[in-house]
Structures are given as C-alpha cells and as structure tokens.
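# Descriptive analysis of the structure
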Amino acid sequence: YKHFCMKIVLTWVLFPSWWLVSNEGLGVVRDKSTNLLVTAALNITAKGIYVLYMQVIHDQYIGSESLLEHPTHRDAAERDA
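Residues numbered from 1 in each chain as written. Predicted model: local features only at pLDDT ≥ 70, side-chain atom pairs only at ≥ 80, totals over all residues. Heavy atoms only, no water.

As a further point, take the environment of Thr 11. Assignment of secondary structure puts Thr 11 in helix 1 (residues 2-12). The class for Thr 11 is buried, based on a relative accessible area of 13%. Apart from the residues within four sequence positions on either side, Thr 11 is in contact with Ala 46 and Ile 49. (Helix = DSSP H or I, 4+ residues; strand = E, 2+ residues; numbered from the N terminus. Buried < 20%, exposed > 50% of the residue type's maximum accessible area, 1.4 Å probe, protein only. Contact = heavy atoms within 4.5 Å.)

Okay, structure coming up:
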C-alpha cells in the first residue's frame, strides 16, 4: 500500500499546484478554457491512476487469506483456477 499512497500523493499534489497558477489562485493562467481543460485532465489522470492501481492490488490479493500479508506471486492459471 506504500506505492499506492505515493501514487495518490503525487497525482493529487497537482491539484493545489494548478489552483495556485489558475485564475482562481494567482491568476497566472487567465484563460477559462485552459483552466477547464487542465482541471478535467487532472481529474481524469488522478482518478484513472487510482482505479487502475486499485485493480492491480485487487488482482494481487485474490485468493489470499489476509490483506495484512504480502501476496504470493502466482501464475495466471493458478489464480484463475
């Protein structure tokens, strides 16, 4: 879960950074269309990475008895059986 936490922190730190330079913050970027596009791109990227990484974690722990232990690496045939 440490990697997951880092991915969230790295993607979500972009939101206050963009706010700071956008029209709502310091006003460095004043174009409303650019503000809308960058905000949408940040949302899609951050939430997309979150969903994809959660799926990876889910797939690693399928069949595990506990979430507290590191999952063992099994091949796809064994996992699907």
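Here we take up the confidence of the model for the protein. With 80% of its residues at a pLDDT of 70 or more, the protein has an overall mean of 80. The least confident element of the protein, judged by mean pLDDT, is helix 4 (residues 76-80) at 53; the most confident is helix 2 (residues 14-21) at 90. (pLDDT = per-residue confidence, 0-100.)

Each pair of packed helices gets described by two things: the angle between the helix axes and the distance between those axes. Across the interface, helix 2 lies against helix 3 (residues 32-61) with an axial gap of 11 Å and an inter-helix angle of 175°. Taken as axis vectors, helix 2 and helix 3 run roughly antiparallel relative to one another. On the side of helix 2, the interface is formed by Leu 14, Phe 15 and Trp 18, while helix 3 contributes Thr 34, Asn 35, Val 38, Thr 39, Leu 42, Asn 43 and Ala 46. In the contact of helix 2 with helix 3, the residues fall into six nonpolar, four polar and no charged. (Axes fitted to C-alpha atoms, helices over the stretch in contact; angles between N-to-C directions. Parallel < 35°, antiparallel > 145°, perpendicular 65-115°, else oblique. Nonpolar A, V, L, I, M, F, W, Y, C, P; charged D, E, K, R; others polar.)

Our next topic: the packing of helix 1 against helix 2. With their axes 5 Å apart at the nearest point, helix 1 and helix 2 run at an angle of 5° to one another. Compared by their axis directions, helix 1 and helix 2 come out roughly parallel. Contact residues: Leu 10, Thr 11 and Trp 12 in helix 1; Leu 14, Phe 15 and Pro 16 in helix 2. For the contact of helix 1 with helix 2, the residue count by class is five nonpolar, one polar and no charged.

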